[in-house]
Each structure stands twice: as C-alpha cells, then as structure tokens.
Amino acid sequence: MKKKKRILGVAGLFTLVLFLAGCSTKPVTQHSTGIWDHYIIWNFSRAIIWLSKLFGGSYGVGIIVFTLIIRIIILPLMQYQMKSSRKMADLQPQMKAIQNKYSSKDLETQQKLQAETSKLYSDAGVHPFASMLPLLVQMPILIALYQGIQRTQALKSGTFLWLQLGKPDPYFILPILAAILTWGTSKLTMMGQAQQSGIQSTLMVWGMPIIILVTAINLPSALAVYWVVTNAFSVGQTLLFMNPFKIRAERAEKEKKQHDLQRQLEKARRSKKRKR
C-alpha cells in the first residue's frame, strides 16, 4: 500500500511537470472562452490583481494573500489528512503483526493480507489514500496559478522585491527557502509518526524538498513565492494541529501505562503462584 502511495505521488508530480511544460501561452482575458480559461485562470488572475491593489499594488503581495486564502479554504481537508496520518501511525504495530502473520508471497496469503489490512483500516476509520488528497487538490491550483501568471501580461512582467514574477529567481533564494520549509514540514510529520525504516524515512523527509528545489529553480519565481508561503503555513499548521513533540509525549505516556500494567499483571501472577 505504501508503495502504491509513493508511485501515485511521483506520477502526480511528473504529470504536473508535463502539464506545465505543455501549457498554452495564449494570453488570457475576459474574452477567453472555455471553463478552464474563462472561469478558472482568468478569475485567478483577476483575484490576484484585485488583492494586489487592495494591499498596496504589489503583485507579489497579492500572490501571498491569495495563497493564504487558498490555504485557509483547504484547511479542513488538511486537518482531515493530518488526523488520518496520525491514525495510520498508531496502526503501525497492528500492521506489522498482520504482515508477519501473512508473510508468504503466494496469492492466497496476499489476498488474506489485503483483506485483514482493509478490515483494520475500516475498523479504525482510516482511508489509506487520505494523504494524497491535499496533493490532488493543490495540483490544479498550482497549474492555474502558473498559467494565470504566464498568460496575464501584468502579472508576468510584475516585480516583487528582487524578482520578476514571470521569470525564475536569479539568486535561488526563494527556491532554497521553499525547499527548507518543505523539509521542515516533512521532518515534523515524520517525528510524529511511529518509527519508520531508514530508507523510507529518508525518502519522505528529503524527496519532496529536492523536487521542490529543482522545480522552483526552473519555473517562474511567482510559484516559488507560492511554495514558500504554503510551506510556511504548513509548518505552523503541523505544529498547531499535529505537534510531534506533544504526540511523542502522549505516545510515551501510553507506552509507560501499558508497561506498568504488564508489570502489575506479572506481579499478580507471581504472587498467585507463591500462594499455591
């Protein structure tokens, strides 16, 4: 199941890159037709320009405010994903027990493994693909933002700090910052999970930051602004709603109680034997 999730994630990112590379460069205006161009891209552009005027005239500030609004809108979805991830982490001991029980690779055993795993997820109220939902929601937003900037002359030629929003960051500052914040989110998430294998942990913590870094270096700096804001928001959101330090303390307390209970039961059994 974890392999399927990783494959879906990588496939989604490659799809995004291919889509961005093949996007139309025709300017988008109020006269553009079609659901995508007229109702999505054009309205994205209008919203950013309106927010820019509202907050001082900088298109960079408009993108920042627009990103924050998007993150607030999808906050319930992110909370659901975080709760699901925590439940998945708590289920790891049972998952390992099931995998050890059905370790044989024959078809019948693997079918039993799948059935037991599905039952475990169902009983716990967990959907194994919940972690993919934020990515699937944010991908169209990212694509629309990219096209809105590239196909709206005002945004494409707009400036923010040292940046020309329609061109890559010449000093790589925002791509590096975006990668660091992505790493921070991944690291905090991993800290709150049950212990993972070394390779898997490394892939989860370092894989996405590297992809973000390489992509942000080559795409318009406006997208780097988006990634910096959205990942800074994610770091704060993770600390607020799924604080790994609190989760670790709660898990340690739970393990201590279980250990103390086992010691008490063992002590009671030894006392009973002595009386006999």
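Keep in mind the model is a prediction, meaning the values are calculated, not measured. For every chain, the first residue of the written sequence is number 1, and numbering continues from 1 onward in sequence order. Only residues with pLDDT of at least 70 are given local features in this predicted model, and only at 80 or more are side-chain atom pairs given and counted; all residues enter the totals for whole chains, interfaces and linings. Note that water and hydrogens are dropped before the side-chain values are worked out from all heavy atoms of the structure.

### A closer look at the nonpolar core
Proteins that are soluble and globular tend to have nonpolar side chains buried together.
Move 1: Core analysis: the biggest nonpolar cluster contains 35 residues, and Ile63, Leu223, Val225 and Trp227 have the highest contact counts within it.
Move 2: Labels follow the DSSP assignment, with helices taken as runs of H or I lasting at least four residues and strands as runs of E lasting at least two, numbered in each case from the N terminus. Elements with a minimum of two residues in this core: helix 2 (35-54), helix 3 (59-73), helix 7 (133-150), helix 9 (173-191), helix 10 (198-218) and helix 11 (221-241).
Move 3: In what follows, a contact means two residues having at least one pair of non-hydrogen atoms within 4.5 Å. Setting aside residues no more than four positions away along its own chain, Leu223 makes contact with Leu142, Leu145 and Tyr146.
Move 4: Counting residues in each nonpolar core, the second largest holds nine residues, with Leu91, Leu113, Leu120 and Tyr121 among its members. Nonpolar cores are built from buried Ala, Val, Leu, Ile, Met, Phe, Trp, Tyr and Cys residues. Side-chain atoms within 4.5 Å join them into one set. Here's how the labels work: a residue is buried when its accessible area is under 20% of the maximum for its type, exposed when over 50%, partly exposed in between, all with a 1.4 Å probe on protein chains only.

### Some thoughts on a nonpolar patch on the surface
Move 1: Like charges within 9 Å and nonpolar side chains (Val, Leu, Ile, Met, Phe, Trp, Tyr) within 5 Å are joined into patches, using only residues over 30% in relative accessible area that form no salt bridge. Areas reported here follow the Shrake-Rupley algorithm with a probe of radius 1.4 Å; residue values treat only the protein chains shown as occluding. A side-chain nitrogen of Lys or Arg and a carboxyl oxygen of Asp or Glu constitute a salt bridge if their distance falls within 4 Å. On the surface, Leu161, Trp162, Tyr171 and Ile173 cluster together to form a nonpolar patch covering roughly 460 Å² of accessible area.
Move 2: Within the element layout of this structure, Tyr171 appears in the loop between strand 2 (163-164) and helix 9.
Move 3: Taking relative accessible area as the criterion, Tyr171 reaches 57% and is therefore assigned exposed.

### Quick look at the UniProt feature "transmembrane region" (unreviewed entry) in the protein
Move 1: UniProt positions are given in the numbering used here, feature names are shortened, and annotations may be inferred rather than shown by experiment. The UniProt record annotates "transmembrane region" (unreviewed entry) at residues 59-78 and 169-186.
Move 2: Across residues 59-78, the secondary structure splits into 95% helix and 0% strand, with the terminal C-alpha atoms separated by 27 Å.
Move 3: Secondary structure across residues 169-186 comprises 78% helix and 0% strand; the distance between its end C-alpha atoms is 24 Å.

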